[in-house]
Amino acid sequence: MHESIIRKPLVTGTPDMHTVTEDVCRPLENTPSKAWWIGFTLAFAGFVLWLVSFGYTAWVGLGAWGLNKTVGWAWDITNFVWWVGIGHAGTLISAVLLLFRQSWRNSINRSAEAMTIFAVICAATYILAHMGRPWLAYWAFPLPNQFGSLWVNFNSPLIWDVFAISTYFSVSCLFWFVGLLPDIATVRDRATGVRKQVYSALSLGWTSSARSWIRFESISLILSGISTPLVLSVHTIVSFDFATSVIPGWHTTIFPPYFVAGAIFSGFAMVQTLLLVARVVLKLENYITLYHIELMNIIILVTGSIVGVAYLTELFIAWYSGVEYEQYAFLNRVSGPYWWAYWIMMTCNVISPQLMWFKKLRTSLVFTFIISIVVNIGMWFERFVIIVTSLHRDYLPSSWAMFTPTVVDVGLYVGSIGLFFTLFLLFIRFLPSVAMAEVKLLLKHSSEEAKIKARKHEHAAHHPVQGDVVIATTATLKKGESNEE
Amino acid sequence: MQLDTSKQFEFSGKAKTYSLIAIVIGVVCIAAGFIIGDPHRTWANLLVCAYYMTCLSFAGMMFLAIQYVANAGWATSILRIPSAFTTVIPFAGVILFAVIFGGLSTHNLYEHWNAPGLTDPNSPNYDPLIDGKSAWLNVPFFVTRTALYVIVWGLFAYMLRKLTLKEDLEGGMESYNKSIKFSAIFCVIFGFTFPLFAFDTMMSVEAHWFSTMFGWWNLAALWVTGLSAIALTAILLKESGHLPWFNTSQLHDLGKLMFGFTIFWTYTWVGQFLLIWYANIPEELTYFVNRWEPEYKFLFWLDIVICFLVPFLLLMTSDNKRNFKRMKLAAIIILVGHWLDYYVMVMPGTVHGHRGFSYYEFGTLIGFAGLFAFLMLKGLSRAPLAPKNHPYFEESTHHHIPNI
């Protein structure tokens with residue numbers, strides 16, 4: 001493999017193979033820091049809030065939420081879509097970037113995949129909660145039963161959702177766990193006592209033999225080949241939940257790809273939020289470098305712009321369609337009682353990522369952190385705008401209404417963030433948060449050290465540098481002349 | 001292996017003869033269509049092919065721009081091919097403009113919104129829906145927009161072409177860095193305006209109908225045909241002894257992109273079709289109802305078979321993606337398939353039930369294919385085949401991916 005000299009290093013500093021192991025295993029093998037404890041306490045408090053809100057909802061029923069007969073779907077589905085969307089970045093990094101052979105994914109894929117799984121778990125809680133009777137959740141599956149006519153409606157996108165998301169969740173877990181095996185084995189080999197036994201069981205007897213690695217390579221490619229269409233299908237089908245209806249503002253054909261782009265957008269923002277903190281707290285700055293952050297910012301810029309094209313296309317076609325309901329739905333979005341939600345969405349999702357055009361800003365840690373939060377606020381509002389502003393003024397003006405969340409709504413939402421961080425903090429405490437084995441692959445070609453060596457080598461070899469030839473060729477050509485015949 | 005990077009492609013021999021013959025066939029058939037045949041049908045065919053040719057030449061620009069902004073190195077050694085595509089832009093643009101302008105002024109194209117009296121409340125032809133759209137769909141604005149799309153995008157293509165040739169002479173990083181900048185700006189402008197281009201040129205043929213997906217669906221078609229045309233050109237050049245550095249790994253990557261974007265095109269197709277079919281709203285169904293008529297129903301489904309099923313199966317295995325002959329076949333199938341795709345987009349709204357496959361269709365297609373090949377190869381012959389000072393050139397000649 002030849003790598004151009006102008007490519008930036010993916011590992012900075014001068015870590016060798018052993019340093020990588022030490023650096024990644026440190027949080028697992030030492031007592032957690034104060035920062036971790038503070039974070040975990042806060043997150044766990046959030047989780048308790050979630051338990052209370054969820055329990056209360058299950059006890060008294062959905063009347064505990066702010067729903068009314070016009071706005072029959074609000075924060076529950078908003079939060080569900082928000083969390084599912086956030087999950088998409090993990091699969092994009094682990095699967096799509098693997099297919100594209102982007103080796104910068106190697107140091108961020110593990111935590112991004114973990115984030116995917118936790119985000120999907122958070123999303124699933126809303127499915128359970130908004131069933132009203134969560135103990136009957138298994139009715140969503142086409143299980144043989146003796147309840148007479150009780151059978152799932154295969155024509156409904158909601159049941160497609162059940163299949164898409166449960167498949168996606170299973171494959172994501174599998175992908176994540178398979179990827180973890182070599183690293184768990186490394187932790188196992190360093191551990192003693194009970195820890196050794198636990199990691200030993202988890203590593204499934206990984207031996208690091210050549211045969212294991214060949215299998216590992218092919219299973220990774222196969223799983224990424226399966227995950228890629230799956231990740232697209234998930235948010236596509238989530239968008240079908242709305243777009244198959246006849247509600248203006250919901251029924252628009254651009255929804256599937258636009259939802260997928262938005263999902264990747266918000267997912268990358270969440271990855272930034274997590275990694276910017278994790279790299280400092282866990283001292284992983286040499287592996288999750290500024291270049292990684294810049295690249296992710298560029299993805300945020302691209303997906304944010306795609307979402308922007310979709311917003312403008314929707315507005316334009318709403319006018320172009322000549323359908324008065326369609327036109328009113330969008331007029332109401334932009335200037336109706338929920339105008340502030342629309343403009344928060346527009347500012348956070350379309351305008352703020354455009355600041356990433358400036359290299360200074362997209363390589364600034366503080367700015368990146370702020371934008372990553374702003375983007376996720378924007379993406380929450382996007383779903384809120386789509387769901388609530390399309391519903392609250394329906395075809396019948398006499399039933400127009402507004403939506404006001406209750407304490408339980410807020411508790412469930414804040415609580416789910418607590419649940420998410422509880423899981424994530426446990427993850428970085430007990431599992432290697434950077435794919436050690438895969439980062440080690442980069443050391444020889446893509447590390448800063450390797451780059452410096454390559455440069456020295458080039459100088460020593462006294463190859464005529466391209467610049468030398470230049471003078472010779474341009475001298476024979478007059479200014480303005482081209483080499484076209 | 002020492003590569004001769006100064007070698008230029010010489011446009012002569014069979015390639016030149018055949019493309020010239022194809023152009024002659026095209027001119028004769030189009031002239032026959034106007035003089036002894038049905039001019040209406042001739043115009044419709046011209047729109048199909050002019051749109052296709054314009055999209056294909058901009059696909060070259062899109063490929064280049066994405067390569068630059070993505071810091072991609074794998075395809076650098078074949079970048080002169082998409083760059084040659086962009087030399088067709090001025091011709092394609094003028095032809096598209098002429099077809100649209102001619103079609104509008106002779107009332108042969110876009111009659112759904114341009115027929116007399118549609119926006120006049122006192123006329124028996126009055127159509128309130130069209131009247132509501134007339135601020136956007138009126139001849140002067142429409143023609144200006146067409147010109148603007150092509151000129152603005154074309155300018156970036158011209159600049160990028162100039163920079164890459166400058167890089168050949170001067171080396172250094174200046175041209176490369178500038179190319180990245182131009183590419184990024186192009187991507188933004190193209191990304192935001194291409195949907196409008198597709199709404200105008202193709203969707204307004206049936207002006208009552210609207211679909212937000214239409215722009216991205218057309219962009220997917222542009223991209224997958226562009227990839228196929230680039231792959232086909234590279235294979236043919238390799239077969240004729242040029243491009244010795246074009247290797248199976250690069251072919252494999254092109255194949256993967258063709259495979260992936262074949263699926264993506266189908267994804268947008270299904271998204272659009274399924275949502276409209278499911279919601280069953282009369283205003284939106286019209287488009288598919290028109291294609292459900294006996295004249296079109298078979299072609300409508302055949303389009304999916306050729307544009308999706310065949311390339312999907314053909315490009316599934318990595319062995320096939322690394323096989324020059326099978327890749328050639330796949331590229332040709334995709335290219336022909338999307339001609340049918342555009343045909344099914346245009347015909348129901350122009351010639352309605354009076355469609356057919358005869359000298360109009362085949363003649364125009366052959367003529368435009370010949371013209372594109374002629375202009376593109378001429379462009380290709382005007383610069384060395386290797387961008388030898390491109391910073392990723394060496395990386396790309398060493399490009400290697402395993403076949404698993």
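What you see is a predicted model, and the numbers here were worked out from it, not measured in a lab.

Q: Before we move on, could you go through the overall build of chain A and cite the residues and values that matter?
A: Helix and strand counts for chain A stand at 17 helices and 0 strands. A compact globule built from 485 residues would reach a C-alpha radius of gyration of about 23 Å, and chain A, at 25 Å, matches this within 12%. Here the C-alpha coordinates of chain A stretch approximately 85 × 75 × 45 Å along the principal axes. In chain A, which comprises 485 residues, the share counted as buried stands at 54%. Sequence-distant contacts, at least 24 apart, represent 82% of the contacts inside chain A between residues at least 6 apart. For chain A, the accessible area works out to roughly 21,500 Å², and carbon and sulfur atoms hold 70% of it.

Q: Residue-level account of the overall build of chain B, with values.
A: Each helix and strand counted, chain B has 16 helices and 0 strands in total. Compactness check: chain B gives a C-alpha radius of gyration of 22 Å against a globular reference of 22 Å for 404 residues, within 12% of the reference. In terms of principal-axis extent, the alpha carbons of chain B reach across some 75 × 40 × 40 Å. Counting all 404 residues of chain B, 59% fall into the buried class.

Q: Would you mind going over the interface of chain A and chain B in detail, with residue names and values included?
A: Taken residue by residue, the interface counts 55 residues in chain A and 60 residues in chain B. Around 4,800 Å² of area is buried between chain A and chain B when both sides are counted, 68% of it from carbon and sulfur atoms. The tally of links from chain A across to chain B stands at 15 residue pairs in polar contact (both at pLDDT 80 or more). When contributions to the side of chain A that touches chain B are tallied by element, the ones reaching two or more residues are helix 5 (157-190), helix 7 (210-243), helix 8 (255-281), helix 9 (290-321) and helix 17 (466-475) of chain A. At 14 residues, the largest contribution of residues to the side of chain A that touches chain B is made by helix 9 of chain A. Among the residues making up the side of chain A that touches chain B, the classes are represented as 29 nonpolar, 19 polar and 7 charged.

Q: How would you summarise the side chain of glutamate 113 of chain A if you had to cite specific residues and measurements?
A: All names here are of chain A. Position of glutamate 113 relative to the elements: it lies in helix 4 (residues 109-129). Arginine 105 provides the closest opposite charge to the buried, unpaired glutamate 113, separated from it by 4.8 Å. Within the structure, glutamate 113 has its side chain in polar contact with the backbone nitrogen of tryptophan 176 (distance 3.4 Å). In this structure, glutamate 113 is in contact with Gly90, Ser94, Phe175 and Trp176, ignoring residues within four places of it in sequence.

Q: Now, about the packing of helix 7 of chain A against helix 10 (residues 248-279) of chain B: what can you tell me, with residues and values included?
A: Across the interface, helix 7 of chain A lies against helix 10 of chain B with an axial gap of 11 Å and an inter-helix angle of 20°. One way to sum up the angle between helix 7 of chain A and helix 10 of chain B is to call them roughly parallel. As helix 7 of chain A packs across helix 10 of chain B, the resulting crossing turns out to be right-handed. Contacts from Leu232, Thr236, Phe240 and Ala243 of chain A in helix 7 of chain A reach Tyr267, Leu274 and Leu275 of chain B in helix 10 of chain B. Split into classes, the residues belonging to the contact of helix 7 of chain A with helix 10 of chain B amount to 6 nonpolar, 1 polar and no charged.

Q: Quick one: what's the story with the confidence of the model for chain B, residue by residue and with numbers?
A: Per-chain confidence: chain B averages 93 in pLDDT, with 99% of residues scoring 70 or above. ipTM for the predicted complex: 0.93, alongside a pTM of 0.93.

Q: Break down the environment of asparagine 114 of chain B for me, citing the residues and quoting the values.
A: Residues and elements named next belong to chain B. Checked against the element boundaries, asparagine 114 lands in helix 5 (residues 111-114). Residue asparagine 114 is classed as buried on the basis of its relative accessible area of 12%. Considering only alpha carbons, one finds asparagine 114 and serine 183, 69 residues apart in sequence, at a separation of 36 Å.

Q: I'd like a description of the side chain of arginine 80 of chain B, backed by residues and values.
A: By the secondary structure assignment, arginine 80 of chain B is in helix 3 (residues 80-86). A polar contact is formed between the side chain of arginine 80 of chain B and the backbone oxygen of proline 384 of chain B, at a distance of 3.0 Å.

Q: Summarise a nonpolar patch on the surface; cite the residues concerned and give the values.
A: Residues and elements named next belong to chain A. A grouping of Val277, Val280, Val281, Phe369, Ile373 and Ile377 is seen on the molecular surface, where their side chains present a nonpolar patch of about 450 Å² in accessible area. For the nonpolar patch, the secondary-structure elements that each account for two or more residues are helix 8 and helix 13 (365-391). Residue position: valine 280 is located in helix 8. Assessed through its relative accessible area of 46%, valine 280 is described here as partly exposed.

Cut-offs and rules
- Residues numbered from 1 in each chain as written.
- Chains lettered and ligands numbered in written order.
- Predicted model: local features only at pLDDT ≥ 70, side-chain atom pairs only at ≥ 80, totals over all residues.
- Heavy atoms only, no water.
- Helix = DSSP H or I, 4+ residues; strand = E, 2+ residues; numbered from the N terminus.
- Rg over C-alpha atoms; globule rule 2.2 N^0.38 Å.
- Buried < 20%, exposed > 50% of the residue type's maximum accessible area, 1.4 Å probe, protein only.
- Contact = heavy atoms within 4.5 Å.
- Areas by Shrake-Rupley, 256 points an atom, 1.4 Å probe, with all protein chains shown as cover.
- Buried area = accessible area lost by both parts, 1.4 Å probe.
- Polar contact = N/O pair within 3.5 Å; in protein donor to acceptor, adjacent residues only side chain to side chain.
- Nonpolar A, V, L, I, M, F, W, Y, C, P; charged D, E, K, R; others polar.
- Lys, Arg positive; Asp, Glu negative; His and termini not counted.
- Salt bridge = Lys/Arg side-chain N within 4 Å of Asp/Glu carboxyl O.
- Axes fitted to C-alpha atoms, helices over the stretch in contact; angles between N-to-C directions.
- Parallel < 35°, antiparallel > 145°, perpendicular 65-115°, else oblique.
- Left-handed = near helix turned anticlockwise from the far one by under 90°.
- pLDDT = per-residue confidence, 0-100.
- Patch = residues over 30% accessible without salt bridge, like charges linked within 9 Å, V, L, I, M, F, W, Y side chains within 5 Å.

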